[in-house]
Amino acid sequence: MLITEIGYTTPTSVVIRGQDFSTQILGKMDFLDIIMLTSVGRTPTPQEKVMLNLIMVTAAGHGITPSVIAARMTLLGAPEALQGAVAAGILGGGSVYLGPIQNIAQTLLDISAQLTRDASDDEVRAAAQAHISAMAAQKKPVWGVGSATHQAGDPRVPTMRELARDNGFYGLHWRVLDAIGELLSEQKGRPFCANGAGALAAIVADMGISPALGRGLMLTGRCASLIAQLLEEQQTPIAQEMWDLVLKQDPRCGK
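Residues numbered from 1 in each chain as written. Predicted model: local features only at pLDDT ≥ 70, side-chain atom pairs only at ≥ 80, totals over all residues. Heavy atoms only, no water.

Where do I start with the layout of surface pockets in this structure?
In this approach a probe as big as a water molecule rolls over the atoms, and the regions it shows empty are the leftover space. Taken as a whole, the largest pocket holds about 850 Å³ of empty space. If you go around the largest pocket, you meet 32 residues; those closest to its centre are Val 96, Tyr 97, Leu 98, Arg 156 and Ala 197. Only α3 (46–60), α6 (100–112), α10 (196–207) and α11 (211–235) provide two or more residues apiece to the lining of the largest pocket. When the residues that make up the lining of the largest pocket are grouped by side-chain class, the tally is 17 nonpolar, twelve polar and three charged. Considering the residues around the second largest pocket, the lining is formed by Arg 117, Gly 168, Phe 169, Tyr 170, Gly 171, Leu 172, His 173, Ala 205 and Asp 206. Listing elements by their share of the lining of the second largest pocket, those giving two or more residues are α9 (172–188) and α10. Within the lining of the second largest pocket, the residues separate by chemical class into four nonpolar, three polar and two charged. (1 Å grid on protein atoms, 1.4 Å probe; cavity = no way out; pocket = protein on both sides within 12 Å on 5 of 7 lines; lining within 4 Å. Points joined across faces, edges and corners; volume = space filled by probe spheres on them. Helix = DSSP H or I, 4+ residues; strand = E, 2+ residues; numbered from the N terminus. Nonpolar A, V, L, I, M, F, W, Y, C, P; charged D, E, K, R; others polar.)

Is there a simple way to think about empty space enclosed by the protein in this case?
For the coordinates displayed, the defined rule picks out one cavity of 30 Å³ or more. If you go around the largest cavity, the residues you meet are Gly 146, Ser 147, His 150, Gln 151, Ala 152, Gly 153, Asp 154, Pro 191, Phe 192, Cys 193, Ala 194 and Asn 195. Tallied by class, residues from the lining of the largest cavity come to five nonpolar, six polar and one charged.

Quick question: what am I supposed to make of the side chain of Asp 178 here?
Within the secondary structure, Asp 178 sits in helix α9. A distance of 2.7 Å separates the side chain of Asp 178 from the side chain of Arg 161, its partner in a polar contact. (Polar contact = N/O pair within 3.5 Å; in protein donor to acceptor, adjacent residues only side chain to side chain.)

Treat this as a map of the structure, not an account of what it does.
Printed below as a string of structure tokens:
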């Protein structure tokens, strides 16, 4: 039988996760409530809601990024397709931009699987070192620490760290992330502090939610900011100028 547990409709009602949409949800739940209700079957606690909001707001706070360029260029080619332009931007969210939160959260979970919740600092550092060594052997980067833009430290992370502490989600996975940064800083002789993606990933892992849901929250937040970018593109366009810039730099295209 082909059914979904998320919701269904009858001639007289709409039911979401066993609750009447008209009388138990509309006007009583906010957007985060319905995201969590549909995704995990329950509404978030007040402390969880602070952190979930943090994730989505972080995803919405940015300027020109690859996903924004993709969205604006798509709107240039199809100005009638706002949804297509948003989709183009979202499709650009992967393991390098926007999506690392899922990958890093899963990595922190994997590293921490061998540790107890009250593991000693030495045990945490040993697990972090094993991960660093494994990445070096595979010639892969260590994600979640360091920033080419914010070399002295990501300015968002102190606020993220404070909110995680205040709301009870500063645990083993944060400790592992910090140990990775400390060890790399010692070994490389330059700062490798937790970056924004790493901090959010530690929050997701310490909250116990699915890393995939963490990426989903980032994508949801990015949708809102892409719409803002596209509204600006309609009013003060820059996509044509970006295209013209590429053409001007190609000597084959002439003057």
